[in-house]
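Below, each chain spelled out in residue letters.
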Amino acid sequence: MRVVSGIKPTGNLHLGNYLGAVKQWVAMQDEVQASGGETMFFIADLHGLTEFIPPATLRAQTIEMTATLVAAGIDPARSVLFNQARVPAHSELSWLLNNVARVGWLNRMTQFKDKAGKNREGASVGLYDYPVLMAADVLLYNATHVPVGEDQKQHLELARDIATKFNTDYACDLFTLPEPLVSKAAPRIMSLRDATAKMSKSNPSEMSLIKLVDSDDVIADKFRKAKTDPDALPGTVEGLEGRAEARNLVTIFAALADRTVADVLADYEGKGFGQFKPALADLAVAKLGPIRDEMLRLLNDEAAIDAILAKGAETARGMAAPVLAQAQKSMGLLA
């Protein structure tokens, strides 16, 4: 079993990013390796180019994302951790696969329609074509499993279609057809000021989100001032119906504590937010504080982070080289 997954380098990571993606990766690393499998995680800096981003910003966000993953528990000694740009085989295989993928397949990709919106003619070719690069990302390493959310299932199906057509067209058995890896459902974390909207760094209110770089005092203050209702907490999940703010805070508590929402409600049934929010703040500080401290320590030593990426890329290049060479041979590019 070989699990491969990538994440775009985005700055100012917040609690929603951590609980929805980073924490899931750490759990995946432990579970997959406990069963004898391998894990590869990469910073998708090439995907970050689909919309213009200043070079210095892309570089800084790649470093920050790497520091966050390591601080959160991704171990470079156990998982292969690298950034795409250091492994040219991603780009090379992507071009080869472009000649196997069909325009009609890409035209059906809903994410391009969503991201391009009404400005499809002004969108970059990279944004249109990035599902093929995603296919190369996983086929290059013969990944057996790829963790996907609802919005990425279509792209994994495309990768399987491309792999099947390549193997058929060139009468070979080169590419493994990756299967979706279903981990425990990632919690959907909402704004602390408006629980009908996702927690997002684009929200103008600093009080709406918990940043991973926030100090202990700031974390506690944001939870203390989070929007709630006047009622006590119910004893059942059904009792949260129509109480978006209450549901959001209980969901955050459960995710941080690795417990179910039902278990949390059983402990706090009948208690008001005057008791619940301080407990949530203490839990968040206990869980996020060490990650923040380690992340900041790593960010003060960019050379060390660069060394982690360089070592991971060296391993990844060694793993990718035979697959790329065989693809080139299959297509008649190499003897």
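In the block above lies the structure referred to throughout.
What counts as what
The written sequence of each chain sets the order in which its residues are numbered from 1. pLDDT decides what is reported in this predicted model: residues at 70 or higher carry local features, side-chain atom pairs at 80 or more are listed and counted, and totals for whole chains, interfaces and linings draw on all residues regardless. Based on all heavy atoms of the structure, the side-chain values leave hydrogens and waters out of the count. For the purposes of this entry, the term helix denotes a DSSP run of H or I that reaches at least four residues, the term strand denotes a run of E that reaches at least two, and both are numbered from the N terminus. Each radius of gyration reported is based on C-alpha atoms, and the globular scaling rule is 2.2 Å times the count of residues to the power 0.38. Only protein chains enter the calculation, and the probe is 1.4 Å; a residue is then buried if its accessible area is under 20% of its type maximum, exposed if over 50%, and partly exposed in between. Any two residues whose heavy atoms approach within 4.5 Å are treated as being in contact. Side-chain atoms within 4.5 Å are what join buried Ala, Val, Leu, Ile, Met, Phe, Trp, Tyr and Cys residues into a set we call a nonpolar core. Side-chain rings of Phe, Tyr and Trp, where Trp is taken by its six-membered ring, are said to pair if the distance between their centres is within 6.5 Å; with planes under 30 degrees apart they count as stacked, over 60 as edge-to-face, and otherwise as tilted. Where helices are involved, their axes are fitted lines through C-alpha atoms of the stretch in contact, as for all axes, and angles between N-to-C directions lie from 0 to 180°. In this scheme, roughly parallel covers angles under 35 degrees and roughly antiparallel covers those over 145, while 65 to 115 is roughly perpendicular and the rest are oblique. Handedness of a crossing is defined here by the sense of rotation of the near helix relative to the far one, left-handed for an anticlockwise turn of less than a right angle and right-handed for a clockwise turn. Any residue that is not Ala, Val, Leu, Ile, Met, Phe, Trp, Tyr, Cys, Pro, Asp, Glu, Lys or Arg is counted as polar, Gly included; the first ten are nonpolar and the last four charged. When a carboxyl oxygen of Asp or Glu lies within 4 Å of a side-chain nitrogen of Lys or Arg, that pair is called a salt bridge. Polar contacts, as counted here, are pairs of nitrogen or oxygen atoms within 3.5 Å of one another; within protein the pair requires one atom able to donate a hydrogen and one able to accept it, and residues that are adjacent in sequence qualify only if both atoms are side-chain atoms. For two strands to be treated as a pair, DSSP must find at least two bridges joining them. Handedness of a crossover is defined as follows: with both strands directed away from the viewer, a clockwise route from the first strand across the helix to the second makes it right-handed. Summarising the geometry, the arc corresponds to the directions from the helix axis toward the C-beta atoms.

## A look at the overall build of the chain
- Looking only at helices and strands, one finds 12 helices and 5 strands in the chain.
- Here the C-alpha radius of gyration of the chain, 22 Å, is about what a compact globule of 335 residues would show, namely 20 Å.
- Seen along its three principal axes, the alpha-carbon backbone of the chain occupies a region of about 70 × 45 × 40 Å.
- Taken over 335 residues, the chain has a buried fraction of 48%.
- Counted over contacts in the chain with a minimum sequence separation of 6, partners at least 24 positions apart contribute 75%.

## Side note on the nonpolar core
- Leu15, Tyr18, Leu69, Phe223, Leu256, Phe276 and Leu288 are the most contacted members of the largest nonpolar core, which totals 60 residues.
- The biggest single contributor to this core is helix H11 (residues 273-299), with 11 residues.

## A word on the packing of aromatic side chains
- By the definition in use, this model includes 10 aromatic pairs.
- Ring plane angle 20 degrees and centroid distance 4.5 Å describe the contact between Trp25 and Phe41, whose orientation is recorded as stacked. Taken together, the positions of Trp25 in helix H1 (residues 15-34) and Phe41 in strand E2 (residues 38-43) put the pair 16 residues apart, joining distant regions of the chain.
- Overall, Trp25 belongs to the buried group, its relative accessible area being 6%.
- With a centroid separation of 6.0 Å and an interplanar angle of 65 degrees, the aromatic rings of Phe82 and Tyr141 are classed as edge-to-face. Note that Phe82 is positioned in strand E3 (residues 80-83) and Tyr141 in the loop between helix H6 (125-139) and strand E4 (145-147), a separation of 59 residues in sequence.
- Assessed through its relative accessible area of 1%, Tyr141 is described here as buried.

## Thoughts on the packing of helix H3 (residues 89-98) against H6
- Two elements in contact, H3 and H6, have axes whose closest approach is 8 Å; the angle formed by their N-to-C orientations is 120 degrees. Taken together, H3 and H6 sit at an angle that is classed as oblique. H3 and H6 meet at a crossing whose hand is right-handed. Across the interface between the two elements, His90, Leu93, Ser94, Leu97 and Asn98 from H3 touch Asp129, Val132, Leu133, Ala135, Ala136, Asp137 and Leu139 from H6.
- Residue classes in the contact of H3 with H6 are distributed as 7 nonpolar, 3 polar and 2 charged.

## Some points on the pattern of salt bridges
- Under the criterion given, the structure shown has 18 salt bridges.
- Where Arg160 meets Glu179, a salt bridge forms, and the shortest distance between an N and an O atom there is 3.4 Å. Of the two residues, Arg160 is situated in helix H7 (residues 153-169) and Glu179 in strand E5 (residues 179-181); the sequence distance between them amounts to 19 residues.
- When its relative accessible area of 19% is taken as the criterion, Arg160 is described as buried.
- Between Asp229 and Arg243 there is a salt bridge, with its nearest N and O atoms 2.7 Å apart. Taken together, the positions of Asp229 in the loop between helix H8 (216-224) and helix H9 (244-257) and Arg243 in the loop between H8 and H9 put the pair 14 residues apart, joining distant regions of the chain.

## Focus on the side chain of Thr50
- Considering the arrangement of structural elements, one finds Thr50 in the loop between E2 and helix H2 (55-72).
- Separated by 3.1 Å, the side chain of Thr50 and the backbone oxygen of His47 make a polar contact.
- Ignoring anything within four residues of it in the chain, the contact list for Thr50 reads Lys8, Ser124, Gly126, Leu127 and Tyr130.

## A closer look at the environment of Ala316
- You can see Ala316 is positioned in helix H12 (residues 302-330).
- Those residues in contact with Ala316, other than ones at most four positions away along the chain, are Met40, Val80, Phe82, Val87 and Tyr141.

## Here we look at the pairing of E3
- Side chains Val80 and Phe82 project from E3 onto one buried face, and the interleaved Leu81 and Asn83 project onto a second face that is buried too.
- Relative to E3, E2 runs parallel, the two being bridged by 4 bridges. Within the sheet, the bridge partner assigned to Phe41 lies in E3 and is Leu81.
- For the crossover that starts at E2, traverses H2 and ends in the parallel E3, the hand is right-handed.

## Here's the deal with the side chain of Ser94
- Within the secondary structure, Ser94 is located in helix H3.
- Using a relative accessible area of 8% as the deciding quantity, one classes Ser94 as buried.
- Those residues within four positions of Ser94 in sequence are excluded, and the remaining contacts are Val132, Leu133 and Ala136.

## A closer look at H8
- The complete set of buried residues in H8 reads Ile219, Ala220, Lys222 and Phe223. Angularly, the buried residues of H8 cover 165 degrees about the axis, an arc narrow enough to put them on a single face. Of the exposed residues in H8, those oriented more than 90 degrees away from the buried face are Asp217 and Arg224.
- Summarising the contacts, the buried residues of H8 are in contact with H1, H9 and H11.

## Things to note about the pairing of E2
- Most of E2 is tucked away: 5 of the 6 residues are buried.
- Where the polypeptide runs from strand E1 (residues 2-7) across H1 and back to E2, its parallel neighbour, the crossover connection is right-handed.

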